[in-house]
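Okay, here's what each chain looks like letter by letter:
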Protein chains: 2
Amino acid sequence: MKTQTQTIINGVNVSQLFETIDNIKENKKIAKFNFRAKNKWIDGTENQTTVSDFYGACKTHIRETPHVFVKDEPLLLLGKDKGANPVEYLLAGLAGCITTSLVAHAAARGIKIDSIESTLEGDIDLHGLFQLDESVNPGYQGINISFKIKSDAPEETLKELVELAKKASPVANTVSQPTPINVRLDN
Amino acid sequence: MKTQTQTIINGVNVSQLFETIDNIKENKKIAKFNFRAKNKWIDGTENQTTVSDFYGACKTHIRETPHVFVKDEPLLLLGKDKGANPVEYLLAGLAGCITTSLVAHAAARGIKIDSIESTLEGDIDLHGLFQLDESVNPGYQGINISFKIKSDAPEETLKELVELAKKASPVANTVSQPTPINVRLDN
């Protein structure tokens, strides 16, 4: 009988992480993921997204309980504030992705983290959304993220980790690189 | 006494929408918004975002009840699936933004919409996240969105609306254009 010791750092199973990386090195296809969402307009500025299945490690995985999100706009932007608005959801995804990237890369290096908090902010000019000025991009002009990290690791190591976390983060790269979006009507 | 008739199309108060646009034309500063989020690492791949205040129309607005989101990873990606993962949150934001953009631009043109459903999907190769191959971008390689729209409007008009909705959408532009992200450690 074989006994296995699992190394857990920052709540991340590092043994499983290295095993996953080894599996990817043996079979590149394991790294290919496809993420999916279904969206339904409710009324006015309110809509609802359901996230259930995804493809990865060569098969489709279906969650027993889907994750459901309500999005809306605040009153000032013609909504009823039943949920955060889409550009705030983007900040939530970005914050989560860089944080998880940071925690995992720290764990892989054996660096213990006690806490991570971050604040994010970005400017948007509604001239873009309302198509009032062609020279104004409707999206965020830029996004600033400030991290506060508690750890015994030296400040310099933590600074490197923040940069590495951003460099490796799927959401950060989707935002900072030009990512093609293809829309089509399938009535 | 002045009585006002409010025109509501697709649940959008079109009178308020045009009033907002007129106000922006008179004072450009009204269009300047700043959206914000606070994020806290919980454990492992789990983290929590709180969205409360934002700046817009020349002042800060604080919601009475903040919106709180839990993000996690599925078991396959070392998590406990307590929430959708960050790249799925990005899809939720994108779906919501293009849908709201579509509904509002339709309303502004007097086009009534009965229903909108959409499915989104995008490929991610984990070679990027795990920094196993420098040539692989960690982000989405591209995102495909398929819309089904019920409306009396001609098919051609709906196709134009889908394209206009994407063109005007803040999240779609944040993703499709290169948007700078600045991270810093503020310990």
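Worth saying up front: this structure is predicted, and the values here are computed from it rather than measured.

(A) Structural view of the relation of the copies chain B and chain A. Once turned by 180 degrees and shifted 0.0 Å along the axis, chain B lies on chain A with an RMSD of 0.0 Å. Here the symmetry operator amounts to a two-fold rotation axis. When the interface residues of chain B are mapped onto chain A, 100% of them again lie at the interface, so the same face is used by both copies.

(B) Representation of unusual backbone geometry. Residue and element names in this part refer to chain B. At leucine 78, a residue that is not glycine, the phi angle is positive and equals roughly 70 degrees. Within the secondary structure, leucine 78 is located in the loop between strand E5 (59-71) and helix H2 (86-108). Relative accessible area serves as the criterion here: at 16%, leucine 78 is assigned to the buried category. Of note in the backbone geometry, glutamine 131 takes a positive phi value of approximately 55 degrees without being a glycine.

(C) Representation of the packing of aromatic side chains in the model. Residues and elements named next belong to chain A. By the definition in use, this model includes eleven aromatic pairs over all chains. On the basis of an interplanar angle of 25 degrees and a centroid distance of 5.8 Å, the ring pair of phenylalanine 35 and phenylalanine 54 is categorised as stacked. Here the residue phenylalanine 35 occupies a position in strand E3 (residues 32-43), and phenylalanine 54 occupies one in strand E4 (residues 46-56), the gap between them amounting to 19 residues. For phenylalanine 54, a relative accessible area of 2% corresponds to the buried category. Ring geometry for phenylalanine 69 versus tyrosine 89: centroids 5.9 Å apart, planes at 65 degrees, classification edge-to-face.

(D) The domain arrangement of chain A, seen in detail. All names here are of chain A. Taken domain by domain, chain A comprises domain 1 (31-83) and domain 2 (85-178). With centres defined by C-alpha atoms, the gap from domain 1 to domain 2 works out at 21 Å. Each side of the interface is counted separately: domain 1 has eight residues, and domain 2 has four residues. Considering only the side of domain 1, the residues that lose the most area to domain 2 are Lys71, Glu73 and Leu77, jointly responsible for 57% of the buried surface there. At the boundary of domain 1 and domain 2, one finds zero salt bridges. For the pair domain 1 and domain 2, the interface holds three residue pairs in polar contact (both at pLDDT 80 or more).

(E) Highlighting helix H1 (residues 14-26) of chain A. Spanning 13 residues, H1 of chain A covers 18 Å between terminal C-alpha atoms, matching the ideal 18 Å at 1.5 Å per step. The complete set of buried residues in H1 of chain A reads Val14, Leu17, Thr20, Ile21 and Ile24 of chain A. Buried residues along H1 of chain A cover an arc of 120 degrees about the axis, so they all sit on one side. Of the surrounding elements, those touching the buried residues of H1 of chain A are strand E1 (8-9), strand E2 (12-13) and helix H2 (86-108) of chain A together with helix H3 (126-129) of chain B. The N-cap residue of H1 of chain A is asparagine 13 of chain A: its side-chain oxygen and the backbone nitrogen of serine 15 of chain A are 3.2 Å apart.

So, how was this worked out
- Residues numbered from 1 in each chain as written.
- Chains lettered and ligands numbered in written order.
- Predicted model: local features only at pLDDT ≥ 70, side-chain atom pairs only at ≥ 80, totals over all residues.
- Heavy atoms only, no water.
- Least-squares fit on C-alpha atoms with pLDDT ≥ 70 in both.
- Contact = heavy atoms within 4.5 Å.
- Helix = DSSP H or I, 4+ residues; strand = E, 2+ residues; numbered from the N terminus.
- Buried < 20%, exposed > 50% of the residue type's maximum accessible area, 1.4 Å probe, protein only.
- Phe/Tyr/Trp six-rings, centres within 6.5 Å; stacked < 30°, edge-to-face > 60°.
- Domains from an automatic or database assignment.
- Buried area = accessible area lost by both parts, 1.4 Å probe.
- Salt bridge = Lys/Arg side-chain N within 4 Å of Asp/Glu carboxyl O.
- Polar contact = N/O pair within 3.5 Å; in protein donor to acceptor, adjacent residues only side chain to side chain.
- Expected span 1.5 Å × (residues − 1).
- Arc of directions from axis to C-beta.

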